[in-house]
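Structural description and commentary
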Amino acid sequence: MKTRFTFALGIVALSILAACQHPTSSSGEPYFSAHVKPILEQHCLRCHTGNHPPAGLNLTTRDLAMTSHHRSGKTFIAPGKPDASLLLTAIARNGSHPQMMPRATLSLTDDQIGTLREWIEDGAHWPSGDAGRLHHVSTGENR
């Protein structure tokens, strides 16, 4: 009887642990889809798509986004290295360029910047295929 109780308690503990870890991890697809993708779609993709996006940064797919700046050679999104990622430099307005993105009237919140920083720090997991493809979302704001 005691063995069954211990076994059942162990199963419950493992289930709780698994449920708590997966959705909050910033390294997996659920985190990207729920937190990162909406920020990029709503605040960045309007301009950073197509054949000639600003600074050469196209955020439509992972492969396009994980490239380097055409002049400086610095990486836009450096997985595991938020301070080396030009994307974070631009959105946090830490660079020397006078028109860092998004425009001053459309700045990201500290929470949104923190979400992107954490995502990059944890490896910038970006799923392939349709799950990782970004689509422009109209916010109704004039840009």
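Residues numbered from 1 in each chain as written. Predicted model: local features only at pLDDT ≥ 70, side-chain atom pairs only at ≥ 80, totals over all residues. Heavy atoms only, no water.

This next bit is on helix α2 (residues 29-43). In this model α2 runs 20 Å from its N-terminal to its C-terminal C-alpha over 15 residues, within 8% of the 21 Å that 1.5 Å per residue would give. For α2, the principal kink sits at valine 36 and spans about 40 degrees; a proline, proline 38, occurs within the next four residues. Listing the buried residues of α2 in full gives Tyr31, Phe32, Val36, Lys37, Ile39, Leu40, Glu41 and His43. (Helix = DSSP H or I, 4+ residues; strand = E, 2+ residues; numbered from the N terminus. Expected span 1.5 Å × (residues − 1). Bend = angle between axes of the 7 residues up to and from the residue. Buried < 20%, exposed > 50% of the residue type's maximum accessible area, 1.4 Å probe, protein only.)

The subject of this paragraph is helix α5 (residues 110-121). With 12 residues, α5 ought to run about 16 Å at 1.5 Å a step, and its terminal C-alpha atoms sit 16 Å apart, in line with that. Taken together, the buried positions of α5 are Gln112, Ile113, Thr115, Leu116, Trp119 and Ile120. Mapping the buried residues of α5 onto a view down its axis gives an arc of 155 degrees, with all of them on the same face. Opposite its buried face, α5 presents the exposed residues Asp110 and Asp111, each directed more than 90 degrees away. Positive phi appears at glycine 123, one or two residues downstream of α5, with a value of about 110 degrees. (Arc of directions from axis to C-beta.)

Here tryptophan 119 lies in helix α5. Looking at tryptophan 119, the relative accessible area reads 0%, which means it is buried. With 91 residues separating them along the chain, tryptophan 119 and glycine 28 place their C-alpha atoms 9.2 Å apart.

Another aspect to go through is the packing of α2 against α5. As a packed pair, α2 and α5 sit with axes 10 Å apart at the nearest point and diverge in direction by 125 degrees. As summarised for this structure, α2 and α5 are arranged oblique, according to the angle between their axes. Between α2 and α5 the crossing geometry is left-handed. Judged by residue contacts, Tyr31, Phe32, His35, Val36, Ile39, Leu40 and His43 of α2 engage Gln112, Thr115, Leu116, Glu118 and Trp119 from α5. In terms of residue class, the contact of α2 with α5 is made up of seven nonpolar, four polar and one charged. (Axes fitted to C-alpha atoms, helices over the stretch in contact; angles between N-to-C directions. Parallel < 35°, antiparallel > 145°, perpendicular 65-115°, else oblique. Left-handed = near helix turned anticlockwise from the far one by under 90°. Contact = heavy atoms within 4.5 Å. Nonpolar A, V, L, I, M, F, W, Y, C, P; charged D, E, K, R; others polar.)

Another point: the pattern of salt bridges. Throughout the structure, instances matching the rule amount to one salt bridge. Here aspartate 83 makes a salt bridge to arginine 117, at a shortest N to O gap of 3.1 Å. Of this pair, aspartate 83 sits in the loop between α3 (62-65) and α4 (86-91) while arginine 117 sits in helix α5; the two residues are 34 residues apart in sequence, bridging distant segments of the chain. (Salt bridge = Lys/Arg side-chain N within 4 Å of Asp/Glu carboxyl O.)

Right, let's talk about the confidence of the model for the chain for a bit. Predicted coordinates in areas of low pLDDT are best not read in detail. Taken as a whole, the chain shows an average pLDDT of 77; of its residues, 67% reach a score of 70 or greater. Per-residue pLDDT, averaged within each element of the chain, yields its smallest value for helix α1 (residues 2-24) (45) and its largest for α5 (95). Low pLDDT (under 50) marks residues 5-10, which in the prediction has zero contacts with non-local residues, meaning those over four places away or in another chain. Every residue in residues 12-25 scores below 50 in pLDDT, and together they form three contacts with partners more than four places removed in sequence or on other chains. (pLDDT = per-residue confidence, 0-100.)

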